[in-house]
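Listed below are the residues making up each chain.
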Amino acid sequence: MSLQIRREVLSLYKRILRLSLTWEAKEPSKTKEERIYIRTEARTLFRKNKDVSDEREIREMLTGTEARVEMGIHYRLPYPRPVNLPPNICVDLKIIENG
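In what follows, the accompanying structure is described. Along each chain, numbering runs from 1 in the same order as the chain's sequence is written. Where local features are concerned, this predicted model is filtered to residues with pLDDT of at least 70; where side-chain atom pairs are given and counted, the filter is 80 or more; whole-chain, interface and lining totals use all residues. Only hydrogens and water are set aside when side-chain values are computed; all heavy atoms of the structure are taken into account.

The next thing to look at is the packing of aromatic side chains. Pairing of aromatic side chains requires ring centres within 6.5 Å, counting the rings of Phe and Tyr and the six-membered ring of Trp. Pairs whose planes differ by under 30 degrees are stacked, by over 60 edge-to-face, and all others tilted. In the structure shown here, the tally under the stated rule is two aromatic pairs. Centroid distance Y13 to F46: 4.9 Å. Interplanar angle 55 degrees. Geometry classified as tilted. Remark: F46 occurs in helix α2 (residues 31-48) and Y13 occurs in helix α1 (residues 3-22); sequence separation between them is 33 residues. When accessible area is computed with a 1.4 Å probe and restricted to protein chains, residues below 20% of their type maximum are described as buried, those above 50% as exposed, and intermediate ones as partly exposed. The class of F46 is partly exposed, set by a relative accessible area of 21%. Considering the side-chain rings of Y37 and Y79, the 4.5 Å spacing of their centres and the 50 degrees angle between planes classify their relative orientation as tilted. Only runs of H or I of at least four residues qualify as helices and only runs of E of at least two qualify as strands under DSSP, and these elements are numbered from the N terminus.

For the rest of this paragraph, the subject is unusual backbone geometry. Despite not being glycine, R76 shows a phi value in the positive range, around 55 degrees. Relative to the assigned elements, R76 resides in the loop between α3 (55-75) and α4 (93-98).

Just distances and angles here, no functional claims.
Put into structure tokens, the structure is as follows:
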């Protein structure tokens with residue numbers, strides 16, 4: 001992985017973790033739960049993909065993750081929705097059913 005891509009990945013990861021600190025849920029009673037979900041989901045997915053070395057594949061994942069973050073911010077909903085998921089994004093279906 002090139003140094004530039006590594007910086008982009010780490011920058012996005014930090015952005016997501018910072019977002020989890022300031023996240024406000026639609027229902028105030030769920031704010032803490034959603035903050036924990038954001039941190040846990042980020043850690044899980046970034047760790048799962050830490051061994052990916054193909055730069056094209058990493059760029060696709062970055063684009064998909066950035067889109068997911070922007071949609072989450074826009075709709076104030078941290079959980080993914082199958083109709084809004086970019087291709088090549090792996091999601092635990094139990095989370096979708098509960099979200």
